[in-house]
Amino acid sequence: MSNYRHKINDKCAPLPLGKIICVGRNFSEHISELGNCFPESPVLFLKPSTSLVELDGQLKIDSSFGACHFETELALLIGKELKNCSEDEAMKAIIGIGLSLDLTYRDLQNKLKSEGLPWEKSKGFDGSCPTTNFISPNHFTNLNNIQFKLFINGKERQRGDTSAMIFRIDEILCYASKYFSILPGDLVLTGTPFGVGALTSNDELRLEIPNLLNASAKVSFFKGKQ
Ligand code: ZN
């Protein structure tokens, strides 16, 4: 188990670690790069709370399961219960904005997809959701206009903007809350933009929301037991 805790503005938030609701296929160029179909409604999947690790310093990845891809995503920290919520209730329940990596064992995911099996082993494994510190949504004038970036070894590799998402933040929360009660301490990851790829040992990652949030980590691989 990692010692991850949700932090808002660098202070531990008094919230449990909950589930992580993830949206797949929410940026059109990313759908094309993986050869997937455009969704009519948000594609949802879950990661368990045991997937959370702090995105700060070292990022340890078990290399036993093939290529591990980075997917940089905006992470919403939820502070109020949502069930069949309105768009207004959804926006008011967000108490933190951060960034996560939706780490994915891509070879394993492709194998599971081709066999029509669930993705969990490829996306919900221990440590598959490295997450930054959160900042209060008050720092943003408009949550539907947030830019975020990933740099690897100093080079920009992913750039996303919430204005380019197929499903907006409030639409995602309302839709997800029809199926899953969203509880305080849960996270919602809103999908990755174009540019996903495999991590390699010693990669230096830097994630940022320009002028507001910055986090970095160095990748190291291990095999099997740490
Ligand atoms: Zn993703």
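Being a predicted model, the structure only gives us computed values, none of them experimental.

Criteria and cut-off values
- The residue numbers shown here count from 1 along each chain, following its written sequence.
- Owing to the predicted nature of the model, reporting of local features is limited to residues with pLDDT of at least 70; listing and counting of side-chain atom pairs is limited to 80 or more, with chain, interface and lining totals taken over all residues.
- Note: side-chain values were computed over all heavy atoms of the structure, leaving out hydrogens and water.
- Between Lys or Arg on one side and Asp or Glu on the other, a salt bridge is scored when a side-chain nitrogen of the former is within 4 Å of a carboxyl oxygen of the latter.
- For the purposes of this entry, the term helix denotes a DSSP run of H or I that reaches at least four residues, the term strand denotes a run of E that reaches at least two, and both are numbered from the N terminus.
- Burial classification: accessible surface area is computed with a 1.4 Å probe over protein chains only, and a residue below 20% of its type maximum counts as buried, one above 50% as exposed, and the rest as partly exposed.
- Only strands that DSSP links by at least two bridges are regarded as paired with each other.
- Here a cavity denotes grid points, spaced 1 Å and computed from the protein atoms alone, that fit a 1.4 Å probe unable to get out, and a pocket denotes an open set having protein on both sides within 12 Å along at least 5 of 7 lines; residues with an atom within 4 Å of a point are the lining.
- Grid points are joined across faces, edges and corners, and a volume is the space filled by probe spheres set on the points.
- Think of it as three bins: nonpolar holds Ala, Val, Leu, Ile, Met, Phe, Trp, Tyr, Cys and Pro, charged holds Asp, Glu, Lys and Arg, and polar takes everything else, Gly as well.

**Some details on the pattern of salt bridges**
Phase 1: A complete count under the given rule lists 13 salt bridges for this structure.
Phase 2: In this structure, the salt-bridge partner of Glu54 is Lys7, at a minimum N-O distance of 3.1 Å. Taken together, the residues span a long stretch of sequence, with Glu54 in strand E5 (residues 52–54) and Lys7 in strand E1 (residues 7–8) at a distance of 47 residues.
Phase 3: For Lys7, a relative accessible area of 25% corresponds to the partly exposed category.
Phase 4: A salt bridge links Arg206 to Glu208; its shortest N-O distance comes to 2.8 Å.

**Some details on the sheet that holds strand E15 (residues 197–198)**
Phase 1: The three strands lie next to each other as E10-E7-E15, forming an open sheet whose pairing is antiparallel. The open sheet terminates on both sides in strands that have one partner only, identified here as strand E10 (104–105) and E15.
Phase 2: The pairing of strand E7 (residues 68–70) with E10 spans two bridges and is classified as antiparallel. Opposite Cys68, over in E10, you have Tyr105 as the bridge partner.

**Digging into the layout of surface pockets**
Phase 1: Put simply, the largest pocket is a space of about 550 Å³.
Phase 2: Lining the largest pocket are 21 residues, and of these Val53, Lys60, Asp126, Gly127 and Gln226 lie nearest its centre.
Phase 3: Among the elements that take part in the lining of the largest pocket, strand E6 (residues 57–62) stands out by supplying five residues, more than any other.
Phase 4: Of the residues belonging to the lining of the largest pocket, the class tally is 10 nonpolar, six polar and five charged.
Phase 5: Taken as a whole, the second largest pocket spans an internal volume of roughly 210 Å³.
Phase 6: Along its surface, the second largest pocket is lined by 15 residues, and Asp10, Leu55, Thr132, Asn133 and Ala215 are the ones closest to its centre.
Phase 7: Among the elements that take part in the lining of the second largest pocket, strand E17 (residues 213–222) stands out by supplying three residues, more than any other.
Phase 8: Partitioned by chemical class, the residues of the lining of the second largest pocket number six nonpolar, four polar and five charged.

These figures come from the coordinates and say nothing about function on their own.
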